Amino acid sequence: MKCIQFTKEPIYIDDFIKLPQKLYDKNTNMEDSKTVRELLTNNHPLNKYFKLYKFVIYDENELVGRFTITKYPNDDTAYLGFFECVNDEHTARFLFTAVDKFCKKNKFKRIIGPVDASFWIKYRLKINHFVHILFQVY
């Protein structure tokens, strides 16, 4: 398995966005692809408030995971977000080990998550009741 940190490479941005579509059906995938793309390309209004480190994980050539680390100025906390991986303990362990290595290398004092870049975006994992709509717009 390999963990790739990326910046603006279209292939990795596309893969990052595709992973939830690969893992979930349309009724359980609550992610807004447009917002995620804006965040990944630094085109979201909130991007000016933080630095977003972006990662994808491959097993051979197959996309199996992703995550981000958000860094706020004058804060030594790493905010782990956009955590997704295939339903496999080995892959999840690899992902969390990659997070740990990155955070230690960059001298973060603690890791908090899930926080998808900002509390304004999404900061909780949905773990059950997928048949129920979270929010409705009237």
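In case you missed it, the structure is sitting above this.
I will try to describe carefully the structure that is included in this document. (Residues numbered from 1 in each chain as written. Predicted model: local features only at pLDDT ≥ 70, side-chain atom pairs only at ≥ 80, totals over all residues. Heavy atoms only, no water.)

A short note on the sheet that holds strand β4 (residues 77-85)
Read across the sheet, 5 strands follow the order β1-β2-β3-β4-β5 without closing on themselves; strand pairing throughout is mixed. Strands with a single pairing partner mark the edges of an open sheet, and in this sheet they are β1 (2-6) and β5 (110-112). Neighbour-to-neighbour, the strand axes of this sheet turn through a mean angle of 30°, independent of strand direction. Relative to strand β2 (residues 51-59), helix α2 (residues 33-40) is tilted by about 110°, and along the sheet it contacts β1, β2 and β4. Its contacts with the sheet place helix α3 (residues 89-105) against β1, β2, β3 (62-71), β4 and β5, and it is angled at close to 160° to β4. (Pairing = 2+ DSSP bridges. Helix = DSSP H or I, 4+ residues; strand = E, 2+ residues; numbered from the N terminus. Axes fitted to C-alpha atoms, helices over the stretch in contact; angles between N-to-C directions. Contact = heavy atoms within 4.5 Å.)

Some words on the side chain of T91
Positionally, T91 belongs in helix α3. Ignoring sequence-local partners within four residues, the contact set of T91 consists of M1, V64, C85 and V86.

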